[in-house]
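Each chain, letter by letter, is given below.
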Amino acid sequence: MKGVGWRLMETLKEKKTSTDSKKAIQISGAEALIHCLLAEGVETMYGYPGGAIMPVYDELYKFQDKLTHILTRHEQGATHAAQGYARVSGRVGVAIATSGPGATNLVTGLADAQIDSTPMVCITGQVTRELLGTDAFQETDIIGISTPVTKWNYQITEASEIPEVMAKAFYIAKSGRPGPVLIDITKNAQIEKFEFSYKKCTGVRSYKPVPKPEISAIQAAADLINNAKKPFIVWGQGIILGKAEKELKQLVEKAGIPAAWTIMGASALDTDHRLNVGMVGMHGNYGPNLLTNECDVLLAIGMRFDDRVTGRLKDYAKQAKVIHFEIDPSEINKNVFADVAVLGNSKETLGLLLPLIKDSKHEAWHNIFKEKYQIEFDTIIKNDIHPTKPGLTMGEVIEEINLASNNKAVIVTDVGQHQMIACRYAKFSQSKSNITSGGLGTMGFALPAAIGAKMGAMDREVVAIIGDGGFQMTIQELGVIFQHKIPVKIVVLNNDHLGMVRQWQELFFEKRYASTVMVNPDFVKIAEGYSIEAKRISERKDLKATIQEMMASKNPYFLEVKVEQEGNVFPMIPSGASVSEIRLQ
C-alpha cells in the first residue's frame, strides 16, 4: 500500500509544469495545512466552518477523498468528538473552528483534554495580521484565552510558519504526558503562497517529554514491594497512555498485589481479574477506599492523586510508604509525598521493575478485601443490580448492557450519578473501553465523544450512557449521527432531575432541591426526528429484551430508560472527609 508520503508527492507533482520541473513548488498556507495533516496520518477531523477559516475549508473540499471532515452542530461537540476519537484509537484528535465565538466554543473541550491528558490539536482561523488588536469582527485573543488550558499554543501570522509549527504541534500533543495544542492561523497566512516542504518533529529544545528512569529508584521501589505485608496498587490512565497494560497485569500477578483503579484507568486490567479489587474515589468501592489507610506500601502508577481519590489529604495513606510511578515530574509530591518517585513511561519503568520483584501471594491481605466487598455487596450492590423494589435502577441497566455485550463494549459516560454508576458496574475485558470526562467533569461530553469513539473504533460497539441533564447540553449532535449514519447506541437514564446535585442537596442541604428538577421534552420524538430508531421503557419486564434489541442493531439506536427519581449513589466519601469515613448509606 502506498503511504501518505507518496500521496503528498503525487499531489505536489501535479502542480509542476513540464517546462519548469526544477522550480520549487508554491502552495497556499491553507493547502499546506492539509498536507501537514495528511503527513501526520490524520484521517478524520471534526469542526465547524466560518469566515476566518474559509480558505482551509475550501482546500478541505478538494481533499475529501483523503481527509474526512465531520460537521458537528457546535464547536464544543467537535472537541469532545476529537477526544473520544483520540481516547479509543490512541491517535491525536483534530478539531477545527473559525475565529471569535467559534474559537471560544472550543475552550471547554481544551480544558477537558488538558486535565484528562488527551492528545488533541485544535486549529482556529483568525482575522488577518493587519487587523490583530483592532477589535475586528469576530476577533478574539484565543491565544491568551487558551493558554491556561493547553499544553502549547501558537499564533501563525505567515504562511511559511505552517509546516514547522504543525509538526511541532502534533509532536507536543502526543509525546510524554499527552495534551491539547491550539494553533491559531490568521487569514492572510492561509491565503499567502510559499515554498512548501514538511519534516516531522522529533524533538524540541528544552522539552523532555519522557524522563529517563533512575535504576536506583526502581531498586528502592522493588525493595519496598518485596518486604511489604499489605501492598496495594492504585493505577490510573498512565497505564493506558503508556501502553503498559501487559506489564501491569504481570506485576499484579507476580507480586500478588490487590489493585484498584481510578475512573480514568478503568479497563486497563480486566474487570473480572481476580486481583482487580475495584474503583477508588468518592463513589468507588468500599474495600479499596477503606484499606488505602491500612496498606503498608502504596504503589500509585500513572495517577495524579486527585482530590476525588484522596479525600482529606492530611489523612490519606499516612501509614504507608508511597511509591509513585509517573511520567510528569510536576505531579511528584504535588498532593501526596512520595517516599520513592519513579519517573518515566509506565511501560518502561514497570518493565524494569518486574525482574526485581519476588513471587508473592498476600492471601490474608486479599481476604480482607473480600470481606469488605461482601459487606458492600450485601448493603449496596445487590440492591443496585438485582433490585426487588419497583422502579428501574441505573445499576441494573448497566448490568444488562454488560450481559448483552459480553463485557466488550466501549462505554462512554457523561457526568453525574449515571457516570458513577456506570464506572462502578460496567465490566471491561479490553483496554480503552471507558471514555469519560474525569478531571473537568463536563456535562454534555458523552454524546459527541461517543461519535468520535465509534469513528475511532468502527469494529467495536459504542454505548453512550447519559443523564437527562447532560443529554440536553449537546443534544444537537444527534444531527451528526443522522447525517453520517454513525451506529452509536445512546442510553439516557432519565430520573427527571439533575441527579448528582439532587443527591448532595438531600444529604447535605436538608433536601432543599434548588433548581434540580428537570421538566424534560419527549426524547423519543426528538430522536425519531433525526431518523434514529428510538424506544422508551419504564418497567423491569421490558429491560432485557430491549437492551438485547439495541445491542443487536446495526444502526444508531436511542433508548430512554425511566429510572427511579430519588436513587442515590453509594458508597460515598463526603467532600472534605477521609477515605476512612466512606459511607455505605
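Residues numbered from 1 in each chain as written. Predicted model: local features only at pLDDT ≥ 70, side-chain atom pairs only at ≥ 80, totals over all residues. Heavy atoms only, no water.

Novice: Teacher, can you tell me more about unusual backbone geometry here?
Specialist: In most cases, non-glycine residues show a negative phi, while peptide bonds are predominantly trans. The omega angle of the peptide bond from F570 to P571 is 0°, so this bond is cis rather than trans. Turning to its location among the elements, P571 is positioned in the segment after strand 20 (557–562). One non-glycine residue, D135, adopts positive backbone phi at about 60°. Structurally, the position occupied by D135 is in the loop between strand 5 (120–126) and helix 7 (142–146). The phi dihedral of Q138 falls on the positive side, at around 60°, and the residue is not glycine. Secondary-structure assignment places Q138 in the loop between strand 5 and helix 7. You can call Q138 partly exposed: its relative accessible area is 27%. (Helix = DSSP H or I, 4+ residues; strand = E, 2+ residues; numbered from the N terminus. Buried < 20%, exposed > 50% of the residue type's maximum accessible area, 1.4 Å probe, protein only.)

Novice: I tried to follow empty space enclosed by the protein on my own but got confused; where do I start?
Specialist: Unoccupied space between atoms shows up once a probe the size of one water molecule is rolled over them. Evaluation of the coordinates by the stated rule reveals 2 cavities of 30 Å³ or more. Here the largest cavity is characterised by a volume of approximately 110 Å³. Forming the walls of the largest cavity are D384, L392, T393, M394, G395, Q417, I421, V563, E564, G567, N568 and V569. Breaking the lining of the largest cavity down by element, the ones donating at least two residues are helix 17 (394–405) and helix 18 (417–425). What the second largest cavity holds in volume is close to 30 Å³. Taken together, I225, N226, P231, A255, I257, I357, K358, S360 and H362 make up the full set of residues lining the second largest cavity. Here the residues of the lining of the second largest cavity are counted per class, giving 5 nonpolar, 3 polar and 1 charged. (1 Å grid on protein atoms, 1.4 Å probe; cavity = no way out; pocket = protein on both sides within 12 Å on 5 of 7 lines; lining within 4 Å. Points joined across faces, edges and corners; volume = space filled by probe spheres on them. Nonpolar A, V, L, I, M, F, W, Y, C, P; charged D, E, K, R; others polar.)

Novice: How should the packing of helix 17 against helix 24 (residues 543–552) be read in this particular structure?
Specialist: The axes of two packed helices give the description: the angle between them and the distance between them. Running from amino to carboxyl end, helix 17 crosses helix 24 at an angle of 50°, the nearest separation of the two axes being 9 Å. Taken together, the axes of helix 17 and helix 24 lie oblique to each other. The hand of the helix 17/helix 24 crossing is right-handed. Residues E396, V397, E400, I401, L403, A404 and S405 of helix 17 pack against L543, K544, I547, Q548 and M551 of helix 24. Counted by class, the contact of helix 17 with helix 24 contains 7 nonpolar, 2 polar and 3 charged residues. (Axes fitted to C-alpha atoms, helices over the stretch in contact; angles between N-to-C directions. Parallel < 35°, antiparallel > 145°, perpendicular 65-115°, else oblique. Left-handed = near helix turned anticlockwise from the far one by under 90°. Contact = heavy atoms within 4.5 Å.)

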